[in-house]
Amino acid sequence: MDFEDQLRELIALGFSFAHPRDAAGEVAAVVGVRVHHGVVDVVQIYGEHDADATRIPGDEPDIFFPYKVFWRSSGRSADVVAELLTLPDPSPGDEPLVKGCWVPARPGRSTWLSASA
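Definitions and limits used
- Residues numbered from 1 in each chain as written.
- Predicted model: local features only at pLDDT ≥ 70, side-chain atom pairs only at ≥ 80, totals over all residues.
- Heavy atoms only, no water.
- Buried < 20%, exposed > 50% of the residue type's maximum accessible area, 1.4 Å probe, protein only.
- Core = buried A, V, L, I, M, F, W, Y, C linked by side-chain atoms within 4.5 Å.
- Helix = DSSP H or I, 4+ residues; strand = E, 2+ residues; numbered from the N terminus.
- Contact = heavy atoms within 4.5 Å.

**Q** How should unusual backbone geometry be read in this particular structure?
**A** With phi around 50°, His37 is a residue other than glycine that occupies positive phi space. A residue is classified by how much of its surface remains accessible, and His37, at 34% relative accessible area, is partly exposed.

Structure, rendered in structure tokens:
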């Protein structure tokens, strides 16, 4: 599967993408996020040879600097995305209790909204 096919597969799985820009207005990364089964999968693609992906609990307050990480990979973009695509969904009972949700804050940004007790 080529890299374009991998990206299409991420979209088919429900990843949403943002394209953060640097101070000059250039795209700094392609960032994909998927919330599912009580976890959040995040992939950050900086170039052909530079990507990072993580699977974190669904209640992490900062998906880009999480305290707890279930899985992480970094390296060549096609290799990282291929690994991400092979991750199984968590089994029932393995899912952490999610006490909130991600909501849009402004274009390209989301924030965690905690559920009230």
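There's more to say after this.
**Q** Quick question: what am I supposed to make of the nonpolar core here?
**A** One broad rule of soluble globular proteins: the nonpolar side chains tend to lie buried together. Counting residues in hydrophobic clusters, the biggest one holds eleven residues: Leu10, Phe15, Val43, Ile45, Ala51, Ala53, Trp71, Val80, Val81, Leu84 and Leu87. Elements represented by at least two residues in this core include exactly β3 (39–47), β4 (50–57) and α2 (77–86). The greatest single-element share of this core, amounting to three residues, is contributed by α2. Excluding residues that lie within four positions of it along the chain, Ile45 makes contacts with Phe3, Leu7, Ala29, Val30, Asp50, Ala51, Ser77 and Val81. Among the nonpolar cores identified, the runner-up in size contains six residues, and Ala29, Val31, Val40 and Ile63 belong to it.

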